[in-house]
Amino acid sequence: MKFDTVIIGAGLAGITAAIRLAEEGKNVGLVSAGRSSMHFNSGALGLLGFDTDHHPVDDVPTALVSLLPDHPYSKLGDAYVTRAASDAADLLRRAGVRTVGSAVHNHTRISPLGILRPAWLTLDNIATLDSLKSLSESCVAIISLAGFLDFYPRFIASSLEKEGFRCEIITIDTPELKALRSSETEMRAANIARIMQGDTLLSFARAIREAVRTSEATALIIPAVVNFDGDGEALRLRKAVGRQLFYAPTMGVSVPGIAMHTRLLRYFLSLGGRLLNGHRVTSADFDGDKLSAVYTDKFDGDALRADNFVFAAGSFFGRGIVALPDAVIEPSLGLDTFAPSDTSQWHKPDLFDRQPIMKAGIAVDDRFRALRNGSPVTNLFAAGAALAGADSVREDSGAGVAMLTALYVADEILNNN
Ligand SMILES: Cc1cc2nc3c(=O)[nH]c(=O)nc-3n(C[C@H](O)[C@H](O)[C@H](O)COP(=O)(O)OP(=O)(O)OC[C@H]3O[C@@H](n4cnc5c(N)ncnc54)[C@H](O)[C@@H]3O)c2cc1C
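Residues numbered from 1 in each chain as written. Predicted model: local features only at pLDDT ≥ 70, side-chain atom pairs only at ≥ 80, totals over all residues. Heavy atoms only, no water.

Chemist: So, the pairing of strand β21 (residues 375–382): which residues are in play, and what are the values?
Modeler: In this structure, strand β15 (residues 304–311) lies alongside β21, joined through 3 bridges in parallel fashion. Bridge pairing links V310 to F381 in β21. Across 3 bridges, strand β20 (residues 369–372) lies against β21 in antiparallel orientation. Bridged to R372 within β21 is S375. Between β20 and β21, which pair antiparallel in sequence order, lie 2 residues; one of them, N373, sits at a positive phi of approximately 50°. (Pairing = 2+ DSSP bridges. Helix = DSSP H or I, 4+ residues; strand = E, 2+ residues; numbered from the N terminus.)

Written as structure tokens, this is what we have:
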């Protein structure tokens, strides 16, 4: 099979590069081994939430200046980061993913643990501090579902009370969820969303209306357990409840994250892109300084050929890189990686300290071309969490690094072909 570009990995980085190239009329093959971190995304995207001293960032351009030279943003340059962050928000909009937020000033969102954290973009029906502060009264009711363990209303209440809100916690016990409730492993957000449709949704809305009948709350916060794809159930519930309603993210597999992923993939397919779902790239052919073909575990001997390739297979979570007892490796193409050579330097004893191993990843040159045996593979670009140099969980920069490096490598491919 021959493409203009083959992209390895369909997380946020891979899909972003795929969309950018497909929008320019390129024939793109997107190879995906499985679930990406988007399936756990909280419905909010981070550009740079915390600076190098782990202080929350308000003004992003100012904080960018202090990043180390090996950080992907430092390689992109501050001006590019600010410009591309706004391009990334536009791309999401074109794909039908509606968000609020700015690339210059972070806003505050509620994390799945109920903690307030800085964010770049948040899905438009997920609660942010700004949306709650715009209410006429600072009194909110947090709705929890009996037996649902992936949502922490008391933590949310405690965070909001520090911001001057009065909070009430109301637990709803709907008979429709009885079957799921019988097993803790079944009572998860994605499973609940599957049955929250039609009459079940209306019955849930009735239960909420009844429970908040005497409440003074001007707005309700409910866990994101309702289908977010399109304006479907999330909007229907909002209307049926008859009060201002915001969703808050949950732990585990995330309904807003899946919805975002689905929308982006659907948009890519609508542009004529080809998705090879459930395929893991396992080996490759190189021709001098070029990658000529990759092979997957599903196509028996059939090569995927392309003029250019993008490596967007993620970090340890996506298994784009793997930690062995004595080294960090990239298992499918044999690319060079960056990690402290002394393994005793990988971890610090304090779990909440900066962990050097989290900055491990693929080594690239200044054009984000992946290195192999010390030299760039001239038609293989790397993007996203696969890259070395960012500690995206600690910095809350994962989505920004994914989207901005993906846009950069897509433009490198477009400008050089
Ligand atoms: C659990 C979790 C939750 C997160 N939540 C957030 C959040 O709420 N907000 C935020 O801003 N950031 C979040 N992040 C940070 C996240 O890393 C980035 O936001 C970003 O989504 C990373 O995207 P990526 O495409 O680079 O990597 P990934 O999302 O890891 O995607 C890589 C993809 O490549 C596939 N793959 C790997 N190897 C191969 C192969 N050989 N062949 C084919 N496919 C392959 C994997 O299966 C996976 O689908 C989270 C990270 C994790 C781990």
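Chemist: Account for the sheet that holds strand β10 (residues 219–223), naming residues and giving values.
Modeler: Here we have 4 strands laid out as an open sheet, ordered β9-β8-β10-β11, and parallel in their pairing. For this open sheet the edge positions go to β9 (166–172) and β11 (244–248), each flanked by a neighbour on one side alone. This sheet shows a mean twist of 25° between the axes of neighbouring strands, independent of strand direction. Pairing analysis gives 3 bridges linking strand β8 (residues 139–145) to β10, with the strands arranged parallel. Residue pairing in the sheet places A141 in a bridge with L220 of β10. Against the sheet, helix α6 (residues 153–162) makes contact with β8, β9, β10 and β11, and its axis sits at roughly 165° relative to β9, the strand it touches most. Of the strands in this sheet, β10 and β11 are in contact with helix α10 (residues 233–241), which crosses β11 at around 140°. (Axes fitted to C-alpha atoms, helices over the stretch in contact; angles between N-to-C directions. Contact = heavy atoms within 4.5 Å.)

Without other data, these values stay purely geometric and don't point to any function.
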